[in-house]
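Working through the structure, step by step
The primary structure of each chain is shown beneath.
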Amino acid sequence: MLIDEKITRKIATLAKIDLSEQEIKEYTKDLNNILKWMEELKEVDVSNIKPVTSITENKLYERDDISHAIYVEQEKVLLNAPDKVGDYFTVPKVIE
Amino acid sequence: MTNIMNADIKNIIKAIANKEYSVEELVNDFIKKIDKLDKFNLVSEKLYDEAILQAKKADAKKKEDRLPLEGIPIAVKDIFCTEGNKTSASSNILKNFKAPYESTVTQSLKNAGAIIICKTNMDEFAMGSASDTCNLGNVINPWTKDFSKPLTPGGSSGGSAGIMAASGACFSLGTDTGGSIRQPASFCGVVGIKPTYGRCSRFGIIAFASSLDQAGPFTKNVEDGALALTHMVSYDKKDSTTSMEKMPDLFKNLKNGVRGLKIGIPKQYDIEGIPSEIKDLWNKGKKILEKLGAEIIDISLPHTKYALPTYYIIAPAEASANLARYDGVKYGYRSKNKFEDLNEMYCKTRGEGFGKEVKRRLLIGTYVLSSGYYDAYYLHAQKVRRRIIEDFDNAFNKIDLILTPTAPSDAFMIGEKTEDPISMYLNDIFTVPSSLAGLPALSLPGAMSDNGRPLGLQLIGNTFCEDLLLRGAYAIEQEICFKNEPPLGNL
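In this convention, every chain numbers its residues from 1, walking through the sequence in written order. Lettering for chains starts from A, numbering for ligands starts from 1, and both go in the order in which the items are written. It should be noted that, the model being predicted, local features are given only for residues of pLDDT at least 70 and side-chain atom pairs only at 80 or more, the latter also being counted only at that level, while totals for whole chains, interfaces and linings use all residues. Side-chain metrics rest on all non-hydrogen atoms present in the structure, leaving aside hydrogens and water.

**Digging into the pattern of salt bridges**
Here, a salt bridge means any side-chain nitrogen of Lys or Arg that lies within 4 Å of a carboxyl oxygen of Asp or Glu. Per the counting criterion, the structure on display carries 30 salt bridges over all chains. Linking A:Glu23 and B:Lys359 is a salt bridge whose minimum nitrogen-to-oxygen distance equals 2.8 Å. With A:Glu23 in helix 2 (residues 21-38) and B:Lys359 in helix 11 (residues 356-369), the pair connects residues from two separate chains. Secondary structure counts use DSSP, requiring at least four H or I residues in a row for a helix and at least two E residues in a row for a strand, with both numbered from the N terminus.

**Some remarks on empty space enclosed by the protein**
Residue and element names in this part refer to chain B. Here a cavity denotes a set of grid points, spaced 1 Å apart and computed over the protein atoms alone, in which a 1.4 Å probe fits but from which it cannot get out, and a pocket denotes an open set meeting protein on both sides within 12 Å along at least five of seven lines; residues with an atom within 4 Å of a point are reported as lining. Grid points are joined across faces, edges and corners, and a volume is the space filled by probe spheres set on the points. Following the criterion strictly, the structure yields 3 cavities of 30 Å³ or more and no others. In this structure, the largest cavity encloses a volume near 70 Å³. As for the largest cavity, its lining consists of 14 residues, and the residues nearest its centre are Ala-126, Gly-128, Ser-180, Tyr-311 and Asp-428. Classifying every residue of the lining of the largest cavity gives 5 nonpolar, 7 polar and 2 charged. Under the convention adopted here, Pro, Cys and the residues Ala, Val, Leu, Ile, Met, Phe, Trp and Tyr are nonpolar, Asp, Glu, Lys and Arg are charged, and Gly plus all remaining residues are polar.

**Quick notes on the layout of surface pockets**
Residue and element names in this part refer to chain B. By volume, the largest pocket is sized at about 630 Å³. Lining the largest pocket are 26 residues; nearest its centre among them are Lys-220, Asn-221, Glu-477, Phe-482 and Lys-483. Contributing elements (two or more residues each) for the lining of the largest pocket: helix 5 (158-165), helix 7 (222-230), strand 10 (441-448) and helix 15 (466-480). Residues that form the lining of the largest pocket fall into these classes: 13 nonpolar, 7 polar and 6 charged. The space that makes up the second largest pocket amounts to roughly 460 Å³. For the second largest pocket, the lining is made up of 20 residues, of which Cys-81, Phe-97, Tyr-101, Arg-325 and Tyr-331 are closest to its centre. A breakdown of the residues in the lining of the second largest pocket according to their chemical character gives 13 nonpolar, 4 polar and 3 charged.

**Re the interface of chain B and chain A**
Many analyses report the size of an interface as the accessible area lost when the parts associate. Counting from both sides, the interface comprises 68 residues of chain B and, opposite them, 53 residues of chain A. For any pair of parts, buried area is found by adding up, for both, the accessible area (1.4 Å probe) each one loses once the two are put together. Buried surface at the junction of chain B and chain A, summed over both partners, amounts to about 5500 Å²; 70% is from carbon and sulfur atoms. The largest per-residue losses of area from chain B upon contact with chain A belong to B:Leu363, B:Tyr367 and B:Arg386, which jointly make up 12% of the total buried on that side. Applying the counting rule to chain B against chain A returns 6 salt bridges. Whether two residues are in contact is decided by their heavy atoms: any pair within 4.5 Å suffices.

**Notes on the side chain of B:Asp239**
Residue and element names in this part refer to chain B. Take Asp-239: it is sitting in the loop between helix 7 and strand 7 (262-266). For Asp-239, a relative accessible area of 7% translates into the label buried. Residues adjacent in sequence count toward polar contacts only when both atoms are side-chain atoms; beyond that, a polar contact is any pair of N or O atoms within 3.5 Å, and within protein one must be able to donate a hydrogen and the other to accept it. At a separation of 2.6 Å, a polar atom in the side chain of Asp-239 contacts the side chain of Thr-241. Beyond its immediate stretch of four places on either side in the chain, Asp-239 contacts Cys-200, Ser-201, Arg-202 and Phe-203. Note on classification: 1.4 Å probe, protein chains only; a residue is buried when its accessible area is under 20% of the maximum for its type, exposed when over 50%, partly exposed between these limits.

Here is the structure:
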């Protein structure tokens, strides 16, 4: 066993995903199978090999340091808010 | 023209220009067609009102003001943000999300005159190979004969591939991360093209794995594919990974044949257990190319077998970062259950909002990036990825194109592989290596399986050589003359 339920619980906490007991059991099994399958990568000799950081790593261009962000009206953005008050998104209280 | 919906795009454009058909008539014909396809669950949202409005505008235009794709109805995978429309990537966490802006690719197509007629269903966040993780239910392949045993259209772009098989649009859009255009194209008997990484802007496409995601078209034939792709690619200041490399003219040499081209046949793709009908199709492809004057060369891509596990480390790792944004604060679903604090709100929202496969991949991704495991999994996988890229670099020193099957099977029954994630992942065995290397590749229909389902051939090209890729595909297509159509009866 590469991972047990305790580790699955820890990963779920890191990923901020609430899982049921049933899900913890299932994912522990799945993850073990998948990670076992990945073990074969250890056969590959990667000494002196640089990790890939980007597929376009040789083709990056210089550009002017200006933003090309698009402008979206505040109202339009707020339309998608699951909960809001006036022009603000609301969340549960974080400061006591 | 008796059945304009089955015509090539260039002939549809001609028919509209000659006023044999109005754009409004064309759009209405497609609307009627799409409505008849409801039972296949291909469509996430119908955009008919807007499409008819655009059609009327197109019809009112003077001849000289007409755009190159004026009035051409298209279907768009629900992963592309289209302003003002629901865009949910088939996930409950984005169920009611209305995109406040437009993706660069769909904007380019709109600027060229295309009309979006509907959005299509897919695997949730493009994570899947059977379009069976969609929040609106399973997508069904129009090649299904017996509805008690529905076939998958493949995935993740299953809705877009299926709608082309059923002639429900002039072309459709998909995205391909590890095979999500090519495998469904194979299963549905249509052409599906994944261009070189960096050709199409990813701006406004809901991100899955940013170093792999690429947009591409589904079409009825290769020439339509060349036309669609021409209007999709661009350098985009809003996506720094797009390329400034000029797209070659895809039509210039399209019909020049393959005489003198060197075609690589990678021995590692001849895997144990692949059905003989797929090997036969592969041989048929080789023979056609040989007959047309191409030189067939055996090549070796020694790290092929490591591509899948490498992909299933890198893609989930990138996904776990990309999908961190779904927190129930600014948009999308927020848990309706009671929560004590912000952290609990995040956890419940994500636990309830994401589907089973997405959660599985987020857990894998989080694990391989977590402290203590990063070097052993993620960093190692990125090194193996370089080995895979080097394999292709070496091969392309000697050859022009690579020929392989697209998928290791024909369309399977929905639910057949759902319980075993690894057997589902193996669907992408022939498509993932070129994805990891960012290479352009396509699938074109090659034959029918013994079960009466389409099988695709895959061509892989060198970086930025889409012209050669399409030229090879066109030559094969003319010889194969794939004329089979799904059993839609009177639809």
